[in-house]
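The residues making up each chain are set out below.
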Amino acid sequence: MSEERGFSRRKFLQGVGAGALAAGAMPDLARGAEAPEDAPDLAGPGPVPVTLDVNGVRTTIEVEPRVTLLDALRSRLDITGAKKVCDHGACGACTVLLDGRPVYACSMLAIAAQGKKIETVESLAPGGELNAVQQAFVAHDGLQCGFCTSGFVLASEALLRQNPRPSHEEVLEALSGNLCRCGSYQGIKKASGAAPGGG
Amino acid sequence: MYSVGHSEERKDGVAKVRGTARYVDDMTFPGMLHARTIRSTIACGEVLAVRHALEEQGFTVVTARDIPGENVIALIADDQPCLADGVVRHAEEPLLIVAHPQRAALWQARVDVEYHARAPLLDAERSSTIFKEVQIDKGDPGRGFAAADVVVEGEYRTSWQEQLYIEPNGVIAVPENGGVTIHGSLQCPYYVHAALCRVLGLAGGKVRVVQAVTGGGFGGKEEYPSMIAAHAALAALKSGRPVKLVYDRMEDMAATTKRHPAVVRHRTGVTWDGRITAMDIDVLMDAGAYTTLSPVVISRGALHATGPYRCDHVHVRGRAVMTNTPPNGAFRGFGAPQTEFAAEAHMDRIAERLAIDPLTLRERNAWRPGDTTATGQTLGADCSALDVLCEAALRTDFQGKWRRNRGSGRGIGLSLFFHGAGFTGAGEERLASRAALELTAFGARIHVSSTELGQGAHTVLPQIVAETLRVPYEYIEIAPVDTAGVPDSGPTVASRTSMIVGGILQRCAEEMRDRLGSLSPEEYLELHGPLVITKEYERPPGSVWDEEHYRGDAYGTYTFGCNVVELEVDPVTYEARPRRLTAVLDFGKALNPALAKGQIEGGSVQGLGYALLEEVVHKEGRMANNQLANYAIPTTLDVPPLDVVILETPYRHGPFGAKGLVEAPIDGPAPAVINALRNAGYDLRSLPATPEKIMEARCGST
Ligand code: FES
Ligand code: FES
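Residues numbered from 1 in each chain as written. Chains lettered and ligands numbered in written order. Predicted model: local features only at pLDDT ≥ 70, side-chain atom pairs only at ≥ 80, totals over all residues. Heavy atoms only, no water.

A.B. asks: Explanation requested: the overall build of chain A in the structure shown.
C.D. replies: The secondary structure content of chain A amounts to seven helices and five strands. Secondary structure elements of chain A, listed N to C terminal, follow the sequence α-α-β-β-α-β-β-β-α-α-α-α. Buried positions account for 54% of the 199 residues belonging to chain A. In chain A, the proportion of contacts linking residues at least 24 apart, taken out of those at least 6 apart, comes to 56%. Just so you have it, chain A exposes about 7,700 Å², and 52% of that area is on carbon and sulfur atoms. (Helix = DSSP H or I, 4+ residues; strand = E, 2+ residues; numbered from the N terminus. Buried < 20%, exposed > 50% of the residue type's maximum accessible area, 1.4 Å probe, protein only. Contact = heavy atoms within 4.5 Å. Areas by Shrake-Rupley, 256 points an atom, 1.4 Å probe, with all protein chains shown as cover.)

Written as C-alpha cells, this is what we have:
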C-alpha cells in the first residue's frame, strides 16, 4: 500500500461519480477496488477525507462518516485480513490493533481511527517470515478454518506485547472476546501461552 | 512411517495466520455487482403482489420468471424452489434477488410484498406430511418384552442448533464462456454444479464451481450453497456482470439450515441383572418446509437410535415431517446426536430403575466384535465400544466419583456412542467417487473434489499419498478444487473423506509406486511422459445392504467413543459449569494426531454448546435471536480442560486402518452433560440444559 496508490484511487473516485455506476462496463480495477460503500447517490452527509495510518503507511481516502474502520480497510484499502463475521462487536474476527490495543474494527468508525497507529494481521509477517505468535499458532495447530485466526493472533499479540508472561487466567481473559466455532481453543491457548512476548 | 501418524503442519496454516488466505468476501472482480435476497416475512401463504421501482434506481432484479431452467434446487426430492413463485412455505423464503454496484445500496432497496397469510404449521407432532419414514426391525419385540423384568419408558427432546461456521455463506458468480463460474464458500462443489445445471438449463460444461478458502462448514455448507450459487448465477446472467452474494450474520442465522429438532420415545425391556431384551424406539424429526436432506438425516438418526448396545428384538421407526419453518439440514453428526442423546439419557434412567450404576449397565450391553446391530450387521474386530468405555471410566475414576457425588450439586456423567463412517447403505456405491493422482517431478499432485474446511482434508490426504509413495509429505501437492479440473470424489460430508477418498487415493498411489518401479518420478516422466492414475470407489468385499427393508451393512464400519463430563451446578444461578471433559475416541488410526485431536476438541466444544448454551428462539416460524449477541456459543471461558485420548483399533478396509472421525466427537457431550446433571440431582430430558430448566428439574420436582 503506497501513498501513490491512495492518491490514484482518490482521483479515480472523483472521476467516476454516479454516472459510471449505471454504465454497463466498469474499468478493470485491481482486486479489492470495489465500488465505494459511500457513493454519492445514497443518503447521508457525503464523503469526507479520512487519513488512516495502516501498517506504517498513511493513506487518505474519501468516505462517509458512517463507514466503519472494518469496511474502510476491507473495501477501500483491500486489506482483508480482518474479517466481517457479526458486524456487531460480538466475535472479534475483525480485531485490529489501535496504538497497540486490540479493538473491533466493525464497531469503530474510520474517522475515529485517524491519528492512531493501525496494525492488521498482514503487518506481522511483512517479508513472509512469520512472527513468534504466528509461528506458535501454526506449531500448536491453533486454527482450523482460519476465519477467526487473524483476530486471535492479534488479540494474543497485544496481550504478549503488554505482558510477556501471562498467567493461564490472563490468557483466557484476553481471548474471551473472540469466538472460534471450530473450537480450536486448546491450540489457541497453547499458542498464546507458548509464544514469547513481543512477537 | 514417512508421514502417516505424524503431526504434519497443515498445508493451509501459514496463509491463514498471515491473513493472506483469500475467502470469498476478500475477492472482487471487475465490474462486480453486489446482491441481496429479498425474503418472505410470513411463514405460510400466498404472494399477491410485489411492488418496487428498483430497476429505475439501477438495480438488477431477478424473479422466478427469470429462471431459464427449472425453478428447483435439485437435491433429493426436488421440491424446493430456487425462488418462491406465488406460494410461501416458510419465513425467510427467497422471493427476489436484487443486485447493485454498491453494496451499501442493497439495504436501501425497498420492496413491498402483499401477502395472503395462512396459519403456519409449526408443531412437528401435529404434521401429517411425512417426507420420509424408515423402519428397522430385528427379531420379535413382543417376545423380547415378554422376557423383560422391567419396562422403562422415556421421552427425550432436542431443539435446533445453528452451525454458525464463522465465515458467513457467500459466493461470487462470474459469467464466462456462455455459462457461469462460481467461486464460493462451500463443501460440495459437485452438488452446486448439478443444481446449477438444472436451474440455469445449462450443459455441465458451461457450469464451473471453484471452492474458495472456506471458513468452516460443519454440514451447513453442504446443501445451502446450491441455493446461494443459483441466486448469484441468475443475477450474473441477467446483468452480464460478476455478482457477489455474501450473507450477513443475521440473515445467515435466520434463513439457512440448522440441526433438526427431534422427539425420541424409548420403550425398553430389561432384566433385573441389566440385560436389554427389547427396544421400541420412535424418532420424529422436524424437517422444516422442504425435503432437502431430511430423508438421509432421519435414516442416520434411526440407525443410531439404539446406541451401541446388543439387543435381539428391536423396532425403530423414524419419521421426518414437514413444518412451515426454514428447512433443517446437515450439521455435524447428521441425525445421530439427537438419537444418541436420547439413547444415552435413557440408559442412565434404566440404570437408576435397576439400581445399578451407569457403567455396569453399559458394560453388560455394549457391542462386542461379532455382535449384530439392529439391521443385522455383524460387527468386525474393530468394534471397540467396550475398550473406549473402560478407558474413559478408569481414567476418570467414574464409579467412585459417581457414587460420592450423588445429589451433591456436583455430577459426573458418561456417554457411550458410535458413528457410522461414510454414506449410509448403498450410498457410497451410488456416488462411485473418483480420485486422481498425477505424477510430478518430485512426487505427486492430488486431484479430488474433497474440500478443505478446516478439518484438515488437504493435509491428511497428502499424508496418505506420501506414505504410500514413500516420499516426503512436502512433495505431495493438492490441486485447487475446481469442477473444471478435478474428478467428482463425492461431497465432503459424513466423515468420509479420509476413509473413502483417502482409500481411493491410496490405491492410486500403490499403482503409481508399482509403475515407477525403481525409477525416480523425474526419470519416469522423461522416459514415459505424463502419468495420471484415476480410480473409483470399490465396495469392501462381502458387504450387503437391503435398502427396502433396512437390513445388512448400514455403514462400512463404525467409530466408537466415550465421554465423561464432570460439572458443578451453581446453587444460586442454576448454571451448570463443566469442570472437565474426557473424550476417548477410537477411529482406527490417527493419520495426523494433532489434527485429529483438534477435531475431537472442536466437536466436543460444539457438543458442549449443544448441551448447555445454544438455544434457537422461534416466533411464528422466524428465528428471533439470530445474532451472535443472543445466540451463545462457547468461548475460551466456557470450555473446561479437555482430556483427549485416542485409541487405534485398525479397520481392515480403511487407509492405514483409519475410519471416519470428524462427526463422532459431537455425539457424546450432550448426553454426558445430562447424565452428569442426573448424578448431581437434576432430572432433565431435553436440550439445552439452560439454568431455567435445571432449576425446574431440581430433585423431587419430577
Ligand atoms: S465482526 Fe467485528 S466483532 Fe464480529
Ligand atoms: S478456526 Fe474456524 S472459527 Fe476458529
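A.B. asks: How should the side chain of B:Asn679 be read in this particular structure?
C.D. replies: Relative to the elements of secondary structure, B:Asn679 occurs in helix 16 (residues 669–680). Those residues in contact with B:Asn679 that lie beyond four places of it in its chain are B:Lys401, B:Trp402, B:Asn405, B:Arg406, B:Gly407, B:Arg410, B:Gly411 and B:Ile412.

A.B. asks: How should I be thinking about helix 7 (residues 336–354) of chain B in this particular structure?
C.D. replies: What sets the pattern is the α-helix's 3.6 residues per turn: residues three or four places apart point alike. The first and last C-alpha atoms of helix 7 of chain B sit 26 Å apart over 19 residues, in line with the 27 Å expected at 1.5 Å per residue. At the C-terminal side of helix 7 of chain B, B:Ala355 shows a positive phi close to 55°. (Expected span 1.5 Å × (residues − 1).)

A.B. asks: Which parts of the structure should I look at to understand the domain arrangement of chain B?
C.D. replies: Accessible area lost upon the coming together of the parts serves often as the stated size of an interface. Residues and elements named next belong to chain B. For chain B, the assigned domains read domain 1 (13–21 + 433–536), domain 2 (31–119 + 164–255) and domain 3 (131–161 + 258–424 + 552–695). The interface is formed by 27 residues belonging to domain 2 together with 31 residues belonging to domain 3. Both sides together, the interface formed by domain 2 and domain 3 hides about 2,400 Å², and carbon and sulfur atoms give 62% of it. Note that glutamate 92 and arginine 622 form a salt bridge whose closest N and O atoms lie 3.1 Å from each other. The leading source of residues in the side of domain 2 that touches domain 3 is helix 5 (residues 249–255), at five residues. Its residues assigned to classes, the side of domain 2 that touches domain 3 comprises 14 nonpolar, six polar and seven charged. (Domains from an automatic or database assignment. Buried area = accessible area lost by both parts, 1.4 Å probe. Salt bridge = Lys/Arg side-chain N within 4 Å of Asp/Glu carboxyl O. Nonpolar A, V, L, I, M, F, W, Y, C, P; charged D, E, K, R; others polar.)

A.B. asks: I would appreciate a short explanation of the sheet that holds strand 1 (residues 33–39) of chain B in the present structure.
C.D. replies: Pairing between the strands of a sheet comes from backbone hydrogen bonds, and it takes one of two forms, parallel or antiparallel. All names here are of chain B. Taken together, the seven strands give an open sheet; going across it, the order is 3-5-1-13-10-11-12, and neighbouring strands pair in mixed fashion. This sheet does not close on itself; its edge strands, each paired only once, are strand 3 (60–62) and strand 12 (207–211). Taking the axes of each pair of neighbouring strands and ignoring which way they run, one obtains an average angle of 25° across the sheet. Its contacts with the sheet place helix 3 (residues 189–200) against strand 11 (179–184) and strand 12, and it is angled at close to 150° to strand 12. (Pairing = 2+ DSSP bridges. Axes fitted to C-alpha atoms, helices over the stretch in contact; angles between N-to-C directions.)

A.B. asks: Looking at this structure, how should I read the pairing of strand 5 (residues 94–100) of chain B?
C.D. replies: Two faces belong to every sheet, and in a regular strand the side chains alternate between them. Residues and elements named next belong to chain B. Burial within strand 5 is extensive, with seven of its seven residues counted as buried. Here strand 1 runs beside strand 5; their pairing, made up of six bridges, is antiparallel. Note that in strand 5 the partner of isoleucine 38 across the bridge is leucine 96. Across three bridges, strand 3 lies against strand 5 in antiparallel orientation. Counted as the bridge partner of threonine 60 is alanine 99 from strand 5.

A.B. asks: Would you mind going over the packing of helix 4 (residues 132–139) of chain A against helix 5 (residues 149–162) of chain A with me for this structure?
C.D. replies: Angle between the axes and distance between the axes: these two values describe a pair of packed helices. All names here are of chain A. In contact at an axis separation of 9 Å, helix 4 and helix 5 are set at 125° when each is read in the N-to-C sense. By the angle between their directions, the pair helix 4 and helix 5 is classed as oblique. In this structure, helix 4 meets helix 5 at a crossing whose hand is right-handed. Of the residues in helix 5, those in contact with Val133, Gln134 and Phe137 of helix 4 are Thr149, Phe152, Val153, Ser156, Glu157 and Leu160. Taken together, the residues that form the contact of helix 4 with helix 5 break down as five nonpolar, three polar and one charged. (Parallel < 35°, antiparallel > 145°, perpendicular 65-115°, else oblique. Left-handed = near helix turned anticlockwise from the far one by under 90°.)

A.B. asks: What is the right way to read the state of the cysteines from this model?
C.D. replies: Each disulfide consists of a covalent bond between the sulfur atoms of two cysteine residues. One pass over the structure, following the stated rule, counts zero disulfides over all chains. Here B:Cys390 is not disulfide-linked; the sulfur of B:Cys562 is the nearest cysteine sulfur, at 8.9 Å. (Disulfide = S-S within 2.5 Å.)

A.B. asks: Which parts of the structure should I look at to understand unusual backbone geometry?
C.D. replies: Keep in mind that most residues, glycine aside, have a negative phi and that most peptide bonds are trans. Residue and element names in this part refer to chain B. Leucine 687 connects to proline 688 through a cis peptide bond whose omega is -10°. By the secondary structure assignment, proline 688 is in the loop between helix 16 and helix 17 (691–696). Phi at glutamate 92 is positive, roughly 70°, even though this residue is not glycine. Relative to the helices and strands, glutamate 92 resides in the loop between strand 4 (87–88) and strand 5.

A.B. asks: Got a minute to help me understand the packing of helix 8 (residues 358–365) of chain B against helix 9 (residues 385–396) of chain B in this structure?
C.D. replies: Residues and elements named next belong to chain B. Between helix 8 and helix 9, the least distance of the axes is 10 Å, while the angle of their chain directions is 160°. Overall, the two elements helix 8 and helix 9 adopt an arrangement that is roughly antiparallel. The crossing of helix 8 and helix 9 is left-handed. For the pair helix 8 and helix 9, the contacting residues are Leu359, Arg362 and Glu363 in the first and Leu386, Leu389, Cys390 and Ala393 in the second. In the contact of helix 8 with helix 9, the residues fall into five nonpolar, no polar and two charged.

A.B. asks: Would you mind going over the packing of aromatic side chains with me for this structure?
C.D. replies: The description of two aromatic rings rests on the distance between their centres and on the angle between their planes. Residues and elements named next belong to chain B. As enumerated under the stated definition, the model contains eleven aromatic pairs over all chains in all. A centroid spacing of 5.7 Å and a plane angle of 75° characterise the contact between tyrosine 555 and tyrosine 558, whose relative ring orientation is edge-to-face. This pair shows no difference in class: tyrosine 555 is buried, exactly as tyrosine 558 is. Between tyrosine 574 and tyrosine 682 the ring centres are 6.4 Å apart and the planes differ by 85°, which places this aromatic pair in the edge-to-face class. You can see tyrosine 574 sitting in the loop between strand 25 (558–569) and strand 26 (576–586) and its partner tyrosine 682 sitting in the loop between helix 16 and helix 17, a full 108 residues away along the chain. Classification of tyrosine 574 by relative accessible area gives buried; the value is 12%. (Phe/Tyr/Trp six-rings, centres within 6.5 Å; stacked < 30°, edge-to-face > 60°.)

A.B. asks: In this structure, what is going on with the interface of chain B and chain A? I would like to understand it.
C.D. replies: The interface of chain B with chain A comprises 64 residues on the first partner and 59 residues on the second. Run the count over chain B and chain A and you get six salt bridges. Between A:Arg74 and B:Asp25 there is a salt bridge, with its nearest N and O atoms 3.7 Å apart. Where chain B touches chain A, the interface holds 20 residue pairs in polar contact (both at pLDDT 80 or more). The dominant element in the side of chain B that touches chain A, judged by the number of residues it contributes, is helix 15 (residues 593–613) of chain B, at nine residues. Residues that form the side of chain B that touches chain A fall into these classes: 28 nonpolar, 19 polar and 17 charged. (Polar contact = N/O pair within 3.5 Å; in protein donor to acceptor, adjacent residues only side chain to side chain.)

A.B. asks: What exactly am I supposed to notice about the pattern of salt bridges here?
C.D. replies: Pairs can form between side chains of opposite charge whenever their charged atoms are close. Residues and elements named next belong to chain B. Counted according to the given criterion, the structure contains 61 salt bridges over all chains. In this structure, arginine 265 and glutamate 125 form a salt bridge, with 2.8 Å as the shortest nitrogen-oxygen distance. Highlighted residues: arginine 265 in strand 15 (residues 262–270) and glutamate 125 in the loop between strand 6 (112–117) and strand 7 (130–138), separated in sequence by 140 residues. Arginine 265 gets classed as partly exposed once you look at its relative accessible area, which sits at 32%. Since its relative accessible area comes to 36%, glutamate 125 is described here as partly exposed. For arginine 319, the salt bridge identified is with aspartate 282, shortest N-O distance 3.2 Å. Of this pair, arginine 319 sits in strand 17 (residues 314–322) while aspartate 282 sits in strand 16 (residues 276–288); the two residues are 37 residues apart in sequence, bridging distant segments of the chain.

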